[in-house]
Amino acid sequence: MNAVVEIENLTKDYEVGFWRKRRVRALDGLSLQVEGGEIFGFLGANGAGKTTTLKLLMRLIYPTAGRARILGRDINDVAMHARIGYLPENPYFYDYLTARELLNYCAELFGYSGRERALRTEELLSRVHLDRKSWDKQLRKYSKGMLQRVGLAQALVNDPEIVFLDEPMSGLDPIGRREVRDLIAGLKLKGTTVFMCSHILSDIEVLCDRVAILSSGRLAETGRLEELRERAGDGRRIEIMVAGTDAEKLSSVFPALEGAQITSTASGARIEVSDERDVDAALSALRQAGGRLISVQPVRQSLEELFVREVSE
Ligand SMILES: Nc1ncnc2c1ncn2[C@@H]1O[C@H](COP(=O)(O)OP(=O)(O)OP(=O)(O)O)[C@@H](O)[C@H]1O
Ligand SMILES: [Mg+2]
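Residues numbered from 1 in each chain as written. Chains lettered and ligands numbered in written order. Predicted model: local features only at pLDDT ≥ 70, side-chain atom pairs only at ≥ 80, totals over all residues.

**Student:** Is there a simple way to think about the overall build of the protein chain in this case?
**Tutor:** Across its full length, the protein chain holds 11 helices and 14 strands. In terms of overall size, the protein chain is more extended than a compact globule, its C-alpha atoms giving a radius of gyration of 25 Å where 313 residues would be expected to give roughly 20 Å. For the protein chain, the C-alpha atoms occupy an extent of roughly 80 × 50 × 45 Å along the three principal directions. Considering only contacts in the protein chain between residues 6 or more positions apart, those separated by 24 or more positions represent 70%. (Helix = DSSP H or I, 4+ residues; strand = E, 2+ residues; numbered from the N terminus. Rg over C-alpha atoms; globule rule 2.2 N^0.38 Å. Contact = placed C-beta atoms within 7 Å.)

**Student:** Which parts of the structure should I look at to understand the sheet that holds strand E7 (residues 162–166)?
**Tutor:** Sheet strands pair via backbone hydrogen bonds, and the direction of the pair is either parallel or antiparallel. With mixed pairing, six strands are arranged side by side in an open sheet as E6-E7-E8-E3-E9-E10. Each edge of the open sheet carries a strand with a single partner, namely strand E6 (84–87) and strand E10 (218–224). If you compare each strand with its neighbour and ignore which way they point, the axes differ by 15 degrees on average. The pairing of E7 with strand E8 (residues 193–197) spans five bridges and is parallel. What sits directly across from isoleucine 162, in E8, is threonine 193. With respect to the sheet, helix H1 (residues 50–57) is in contact with strand E3 (39–44), E7, E8 and strand E9 (210–215), its orientation differing from that of E7 by roughly 145 degrees. On the sheet, helix H6 (residues 174–189) packs against E3, E7 and E8 and is oriented at approximately 150 degrees with respect to E8. (Pairing = 2+ DSSP bridges. Axes fitted to C-alpha atoms, helices over the stretch in contact; angles between N-to-C directions.)

**Student:** Could you clarify how one ought to interpret the packing of helix H3 (residues 99–109) against helix H5 (residues 144–155) in this entry?
**Tutor:** Helix-helix packing is characterised by the crossing angle of the two axes and by the distance between the axes. At a closest axis distance of 10 Å, the pairing of H3 and H5 adopts a crossing angle of 20 degrees. Classified by the angle between their axes, H3 and H5 sit roughly parallel to one another. As H3 packs across H5, the resulting crossing turns out to be right-handed. Together, Ala99, Leu102, Leu103 and Cys106 of H3 and Val150, Ala153 and Gln154 of H5 make up the contact between the two elements. For the contact of H3 with H5, the residue count by class is six nonpolar, one polar and no charged. (Parallel < 35°, antiparallel > 145°, perpendicular 65-115°, else oblique. Left-handed = near helix turned anticlockwise from the far one by under 90°. Nonpolar A, V, L, I, M, F, W, Y, C, P; charged D, E, K, R; others polar.)

**Student:** In this structure, what is going on with the sheet that holds strand E11 (residues 238–243)? I would like to understand it.
**Tutor:** The sheet built from four strands is open, its strands ordered E12-E13-E11-E14 with antiparallel pairing. The open sheet has two edge strands with one neighbour each: strand E12 (261–264) and strand E14 (292–298). Within this sheet the neighbouring strands show an average axis-to-axis angle of 15 degrees, counted without direction. Pairing of E11 with strand E13 (residues 268–273), which is carried by six bridges, proceeds in the antiparallel orientation. Within the sheet, the bridge partner assigned to valine 242 lies in E13 and is alanine 269.

**Student:** Mind showing me how you'd approach the site of ligand 1 here?
**Tutor:** Every one of the 13 residues lining ligand 1 counts as a neighbour, but Tyr14, Ala26, Lys50, Thr51 and Thr52 are closest to it. Those elements that provide at least two residues to the shell around ligand 1 are strand E1 (3–16), strand E2 (22–35) and H1. Ranked by residues supplied to the shell around ligand 1, first place goes to H1 with three residues. Looking at the shell around ligand 1 residue by residue, the classes come out as five nonpolar, six polar and two charged. (Near = placed C-beta within 6 Å.)

Without other data, these values stay purely geometric and don't point to any function.
If you want it as structure tokens, here you go:
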């Protein structure tokens, strides 16, 4: 595997205050690598430093310390920037252009010929599922979700080898999210590397090969989702769903097993044990209480739970 993004000790202090200037550290010694061809999820709560990281990589702001390479080139290498794409967090475009004009203009910046630009524009606007009827409308008449789609199209205009997406699902309705999700998965199939920030964890969960979790400007965790799950002890607890009895009856015949939790449900009870070995004890308690077994399965935390715990710790 070859790393296409290599970030080394990247640090950014912002200067805030007017009379009395002081520095706030938005990003603190971030080091990480993204491999070619993967979809990499960059997670973190509001203000964690995700956008700051992307802006540093795009050279929109300058680092206080550290450095980074993209596609093996230093981020100050201008030629490399022609091979990557970027969707900013709140894309802002010249309002009086239409989507078609904007895309055509972007393609022109990359040096495509007139015919190629027209083709590319139509192909991209269809790919982001922007309704054909809106292609020749001015962007000032666009909704948030429509602008987001134009932003995505713009980020892909040069067939980038790697694309950086800052909250690509932001402002999209459920169908739009699904479409963009499929589009991102499609990019990977074509071999494009995707680096995306998001807090819509369900999207990250289905799309990303690896994730990094940023917490107050520092890297809290990085790895494959399964690894993060394992490290957090996820899946070790087991949930037993039962019917024909209730939590109270079960508790009386199932004397407080260490770490077991019993709660009532609409049709019976839910028993959660902390170890596989406790399942037998729970089942015999169930028989004594005269209940029926419905299901036994490991408790999987959602990425959300892992993430929230990571951040609060
Ligand atoms: N131009 C700026 N001047 C001063 N501080 C800034 C500036 N931009 C960002 N910050 C601060 O840097 C920190 C990180 O902000 P950043 O926008 O990178 O977070 P984020 O992870 O993208 O959050 P969100 O999920 O809300 O988009 C925040 O504390 C923010 O207040
Ligand atoms: Mg942000």
